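# A structural walkthrough
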Amino acid sequence: MTKIDFSMVRSIGGVFFFTALVGTLALSCKQVQTTKNQEDADAKVSNVKFGLDLEHYQVIENEFRWGDSFSDLMAKHDFSHAEIHQIVSNTKDSIDYSRDFKVGNPFSIFISNDSLQRPEYFVYHPPKATSYTLIKLQDSVYGEKIPRKITYVERESSGIIESSLDQTILDAEIPYGLSNSLESIYAWTIDFFHLHKGDRFKVMYVEEILDDSISIGIKEVKAALFEHRGRPLYAFRHTADPRFGPEYFDEEGNNLRRQFLTAPVARSRITSRYNLKRRIALYNYQVRPHKGTDFAAPLGSPIMSTANGTVERVGYTSANGKYVKIRHNSIYSTQYLHMDRIDVKKGQFVKQGQTIGTVGMTGYTSGPHVCYRFWKKGVQVDPFKEDLPSIDPMEETERLAYVEKITSAKSQLDLIHFQSIESHTDDTELVQKSDINKTHDSSQSSP
């Protein structure tokens, strides 16, 4: 019978235990070293600015002031005229020195830590620009515009109308562009200057974030629901016709866009309507028909074509001032009077919402405005009393595919809760736009 030497087993076990202990310690040390290496790497990254290692430079931060020029800034750092000329000559193909640098925007000068302590790099970095300008000042001189990191964050917001949407957005630090986006989406269905207290909305949108910290605006609104006077109005982003790009449709596939915008100037007000029996005190109250609609707006405000069409006429008369006339089809034409600047030419095709010029005071006018005239079959009519056509509907097969496509987005939109308010009166009319009262941060993605 074989005898077992337990002392040997204990000895072997001790070796196993020691080996395991050494292995564990080695693994632990390796993990500690890996963690330290990662921390060092993170520290290294955090010590880099505009791709330059801050350990090698002193950095001077400043901003362009009135009268500053790149040449003057370099001269203050003891660059000779010949050196400045060489820098500008070597980089003029990628940098426009007369236009690229704006007053109030920041720049950084990186000065070497060696004994010479000479500026080696100049970096111009406007706060919300999607790129920065880097100029190598020494040795192999070059200049380039380098894209900055942009990420996209999907967000959900909701609000109930109480006061100014614009001010609420500013107070809540929500991207201001969301206000303009909602107004643009519902331009044909909601009068944002006559909202009612108690109107409410939900919206899903994508925000652009620069360098993981700076909001630079709204990339797109994916879906929205606006309840106006108790009537729910859905809007989903969808491309039905590649010629027009992404547009917004309701839950049944109807285009929210109409054939004509209700106004040629955003955020304007009507000061005089179409009136064939108008009497004017200046002319002893004689009848002076007004065959247009006057929209008052600040001088220089963009004037938009209210529908797709071709520029039929561009001209000037003593009464109308500078004007543009656009033919939209065989039935409808529009005209825009008293313009300050004209941005289109005869025969040019323009899209709905495209800027064709700016508000002015040319011709017979007492203040800055655009007189908007509307023709139907060659006769001037009041567009606000016309039953204007809508956009052609989708084909049935396309409509069914669209309805299926938006199912998920509609469910997500319906799950967003409205933030309650203490009280509201439904028939209280507001002059300004709605408020956004809360924002939910959703997942990050790159659409």
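This text follows the structure it describes.
Residues numbered from 1 in each chain as written. Predicted model: local features only at pLDDT ≥ 70, side-chain atom pairs only at ≥ 80, totals over all residues. Heavy atoms only, no water.

## Focus: the overall build of the chain
In terms of regular secondary structure, the chain is built from seven helices and 27 strands. Classification of the 447 residues of the chain by burial places 40% in the buried group. Sequence-distant contacts, at least 24 apart, represent 63% of the contacts inside the chain between residues at least 6 apart. Accessible surface computed for the chain: about 25,700 Å², of which carbon and sulfur atoms make up 52%. (Helix = DSSP H or I, 4+ residues; strand = E, 2+ residues; numbered from the N terminus. Buried < 20%, exposed > 50% of the residue type's maximum accessible area, 1.4 Å probe, protein only. Contact = heavy atoms within 4.5 Å. Areas by Shrake-Rupley, 256 points an atom, 1.4 Å probe, with all protein chains shown as cover.)

## Some points on the packing of aromatic side chains
Inspection of the entire model under this criterion finds 24 aromatic pairs. Chaining the aromatic ring pairs together yields one cluster made of F64, F70, Y97, F101, F107, F122 and Y124. Sitting over the ring of F79, R118 keeps its end group 4.5 Å from the ring centre. (Phe/Tyr/Trp six-rings, centres within 6.5 Å; stacked < 30°, edge-to-face > 60°. Lys NZ or Arg CZ within 6 Å of the ring centre and 35° of its normal.)

## A closer look at the side chain of H125
With respect to the helices and strands, the residue H125 is situated in the loop between β5 (119–124) and β6 (131–136). Among the polar contacts listed, one links the side chain of H125 to the side chain of S108, at a separation of 2.8 Å. Those residues within four positions of H125 in sequence are excluded, and the remaining contacts are F50, E61, P106, F107, S108 and Y132. (Polar contact = N/O pair within 3.5 Å; in protein donor to acceptor, adjacent residues only side chain to side chain.)

## Points about helix α3 (residues 81–91)
I84, I87 and T91 are the residues of α3 that are buried. Buried residues of α3 fall within an arc of 60° about the axis and therefore sit on the same side. For α3, exposure combined with an orientation more than 90 degrees from the buried face picks out H81, A82 and H85. (Arc of directions from axis to C-beta.)

## Here's the deal with the pattern of salt bridges
Per the stated rule, a full pass over the model turns up 15 salt bridges. With its nearest N and O atoms 3.1 Å apart, the salt bridge here joins K222 to E154. Highlighted residues: K222 in strand β11 (residues 214–228) and E154 in strand β8 (residues 150–160), separated in sequence by 68 residues. Among the ionic pairs, K376 bridges to E386, the shortest N-O distance being 3.1 Å. Highlighted residues: K376 in strand β24 (residues 369–376) and E386 in the loop between β25 (379–381) and α6 (396–405), separated in sequence by 10 residues. Here E386 falls in the partly exposed class, since its relative accessible area comes to 23%. Three or more residues joined by partner-sharing salt bridges are found here, namely K219, E220 and R237. (Salt bridge = Lys/Arg side-chain N within 4 Å of Asp/Glu carboxyl O.)

## As for the nonpolar core
A general feature of soluble globular proteins is that nonpolar side chains tend to end up buried together. In this structure, I303, V324, I326, Y336 and I356 are the most contacted members of the largest nonpolar core, which totals 21 residues. Elements with a contribution of two residues or more to this core: β20 (321–327), β21 (332–342), β23 (355–359) and β24. V324 has contacts with V311, R313, V314, T334, Q335, Y336, M339, I342, V344 and I356, leaving out every residue within four places of it along the chain. (Core = buried A, V, L, I, M, F, W, Y, C linked by side-chain atoms within 4.5 Å.)

## Notes on the sheet that holds β6
Read from one edge of the open sheet, five strands run β3-β4-β5-β6-β7, paired in antiparallel fashion. Both outer strands of the open sheet, β3 (57–63) and β7 (142–147), are each paired with one neighbouring strand and no more. Sheet twist, expressed as the average angle between the axes of neighbouring strands with direction ignored, equals 20°. Looking at chain direction, β5 and β6 are connected through four bridges and run antiparallel. (Pairing = 2+ DSSP bridges. Axes fitted to C-alpha atoms, helices over the stretch in contact; angles between N-to-C directions.)

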